[in-house]
Structures are given as structure tokens and as C-alpha cells.
Amino acid sequence: MAELSRRTLLWGGLAAVGAIAAGCAAKPGSTLLPGETPTPTPTPTPTPEPPPPTWPLTGQPLPDPAAARHAAVAVKVPDNKYEHPQSGLNDADLVFVQLDGYPDASGQSATRLVPVFHSTLPEGVIPVRSIRPVDVPLLAPMGAVVGNTGGAGWVVAYAESHSEYLDVSQTYMDTQGTGSYSIDGSRVYTYGGEKKYDRAVTAHPQVLSQRNERFADGPAAPYLPFAVGDEEPSTAQGTAARHVEVPWKNGDAYTMSYTYDTAAGVYLRNMPWGEHILVDGERVTTDNILVILAEVTYDKIFEGRGAAEPIHQIVSAEGTFHYCHAGRAVTGTWAKGEVHEPFTFTLDDGSPLKMAPGRTFVELPY
């Protein structure tokens, strides 16, 4: 009798299953007793579409990922008035603005640029000068080949100790005959009876990008926190910033400035003495301005290694940042870990910074 009862329940259970609304079913081989509620079959969670590929240094669309498989090239470009005009800056993905070098008689120094080329490799960038300590933590996260003319011995040694993350060995003198550099004869001048070439050295990023196989796949990750897809940049809710002034050199009126051009949708850059104009007559422009405020010291970290060099304290450090785009600005806190680790940026309200894709000038004043 007990066996018959079990058989009756089994068939009764199967009959009940047939009456269950579409979309719910018993698992194969299972049964339902009277009064039991079947467990709905879970609806698979749709796998989100991966974001479309973008250039790692601009956040702009990358139709063919293979086009990004080459090293990023940074070039050390002097920025003193007598070394202008320059070339290539409007082809850069990123342009870092840093202290030039040794302090002058008043304890100050001017600026030096580091344009970084990846999505576009211009034919030539002029002029080219030496490396600085801050180049190491700035460029290590992207694995850059650095176009340069050398540097102080201890600075070169410091950079070479991090050769896993950047390549400063491709200097003007060490790449003779490779096409990595050339001399613009029209910029050679005579001083003290000697010919000077410091304004005439031209770097060729297309060649330099092929000079290091380790970095041949290009930057491994986005350098800055760009908005993705339909995300709005953080400045959509920012305060007005149509004219931006970046004061350099403590106690000195040496100010870089930017004016937003509504029609063109870009910021126009100014040097302390006037508009920033390139060799071809073009005005220097940028989509984004990112100001990173950090302490600057002279030869404290590397005490005893030679003449003083300005050291921007951005390793294992944090500070304030200002970000401007499309005539609006937001502020927050930046942080950076080890030399090879990227910056992180957190807005004052605690949310992560979202930058608009495009060219970015990164100013590091003090």
C-alpha cells in the first residue's frame, strides 16, 4: 500500500507540473509533491558588452587595436623663451609641464615640456633637451621611449635603474645613424665663438617608437581616468573656468594661462610673454588641463649625488588637483604609489574623476 501511495503521488506531481505557468519547470528527473512550488529556472544575466577600444593616452575611439601596438614616445622639449618656437605639441596625446632644472640666481627656474606621442607620431619634434628626475614616475606607468640628449649622471642612473618601465637610453648621441634624430641647420647658432646645437636637435618619434621591443605593445592601460561610452566628464557639474591661470615659481610672476575658445571647443595656451605659437604658426591647444600640485625639493632624496635638480614629490604621495574641460572645472585629491604605479584622482565629493577624451596638458607648478 505504501508503494502504491508513492506511485500515486508521483503521477499526481507530474500532472501538477503540467499546469504550471510557462517559464517555470521542474529540473529533469525531479518531482513535485502536492502543494510544492517549483523553483523558477534562473534567467541568465546578460553579459555586458565590453567598452569599445580606446587609445590609452587620450581615451578617444580606437577603430583598429593593432594601430596602438607600438611604444609611446616622450620627448624632452625646452620651454624657455629663447628656445621657442617648438614643433609637434599639437600632435601629442599628453604634454607634461615641469620645472626646467637648476635654480637660477634668484632660486627659481623656468619650465620644460614632455609631450608624449602615441595615437599620432609626427615626423619631427624640436628642440630636444635632457631628462629630469620627475620623468621617471611620470612616464614609467606607460612604458615610454624617451627622446632626449642625456642628463646629469645621477639622473640618468636613476632613470636607468627603472629601465623595466621606461627607456631613456635612446639619446641623440647614442643613436647616431639610426634616423632617430637630425639637426635643423637653420637653428644652429654661435655663442662665444662656438657653434651651439641645443635649439637644433630634432627627434623623430616614428623611428624612436621602434627602438624598444619591450614596449612594442604600447601602454598597457589608460593613463588617465577617461569617461567611457555615454559617461559624462566630471566637469559637466563643475564651476566656470573659461580663463585658467597656472602660476609657476614661488614668489615670481611666471604664469601659464589658458583661454577657452567656445567655437573651437579647446583651450588656447599662453606663455608668460604671450600666445604659445609653434614653428608652423599654429597656436598650442588642448582639450583638458590637469594641474597637479606637489611639493618640490632640490636634491633631498638623492643627497650627495651631484648638483641640485628639482624633484617633484609625486612618489608615494598625494595632493590637490584641478581639472578643467570645456570651460568648467572640478577639484579633488590625487594620489600615487610607487614609481611605476599610475595616479588616482578623487573628487571633493568622494567620487572618482572622469575626464573627457582628448589631449591633456598636465601642469606641475609649485
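This structure is a prediction, so every number in the text was calculated from the model and none was measured.

Asker: Report on the overall build of the chain, specifying residues and quantitative values.
Answerer: Helices and strands together make up the secondary structure of the chain, namely four helices and 22 strands. Burial statistics for the chain: of 366 residues in total, 48% are counted as buried. Carbon and sulfur atoms provide 54% of the accessible area of the chain, an area that totals close to 17600 Å².

Asker: Please set out the pattern of salt bridges residue by residue, giving values where relevant.
Answerer: The full count for this structure, using the stated rule, is nine salt bridges. The closest approach of N and O atoms between Asp-135 and Lys-76, which form a salt bridge, is 2.8 Å. Separated by 59 residues along the polypeptide, Asp-135 in helix H2 (residues 135-139) and Lys-76 in the loop between strand S1 (72-75) and strand S2 (77-78) bring together distant segments of the chain. Given a relative accessible area of 3%, Asp-135 falls into the buried group.

Asker: I'd like a rundown of the pairing of strand S5 (residues 144-147), residues and numbers included.
Answerer: Here S5 shows no split at all, with Ala-144 and Val-146 on one side and Val-145 and Gly-147 on the other all buried. Bridge count between S1 and S5: four bridges; the pairing is parallel. Paired with Ala-72 across the strands is Ala-144, a residue of S5.

Asker: Account for the packing of aromatic side chains, naming residues and giving values.
Answerer: Geometry of an aromatic ring pair is reported as the spacing of the ring centres plus the angle between the planes. One pass over the full model with this rule turns up seven aromatic pairs. Note on Phe-343 and Phe-345: the rings are 5.8 Å apart at their centroids and 25 degrees apart in plane angle, and the pair reads as stacked. There is no split in this pair, since Phe-343 and Phe-345 are both buried. Cluster of aromatic residues (ring-pair linked, three or more members): Phe-321, Trp-334, Phe-343 and Phe-345. One residue, Arg-199, lies across the ring of Tyr-189, its end atom 3.9 Å from the ring centre.

Definitions and cut-offs
Residues numbered from 1 in each chain as written. Predicted model: local features only at pLDDT ≥ 70, side-chain atom pairs only at ≥ 80, totals over all residues. Heavy atoms only, no water. Helix = DSSP H or I, 4+ residues; strand = E, 2+ residues; numbered from the N terminus. Buried < 20%, exposed > 50% of the residue type's maximum accessible area, 1.4 Å probe, protein only. Areas by Shrake-Rupley, 256 points an atom, 1.4 Å probe, with all protein chains shown as cover. Salt bridge = Lys/Arg side-chain N within 4 Å of Asp/Glu carboxyl O. Pairing = 2+ DSSP bridges. Phe/Tyr/Trp six-rings, centres within 6.5 Å; stacked < 30°, edge-to-face > 60°. Lys NZ or Arg CZ within 6 Å of the ring centre and 35° of its normal.

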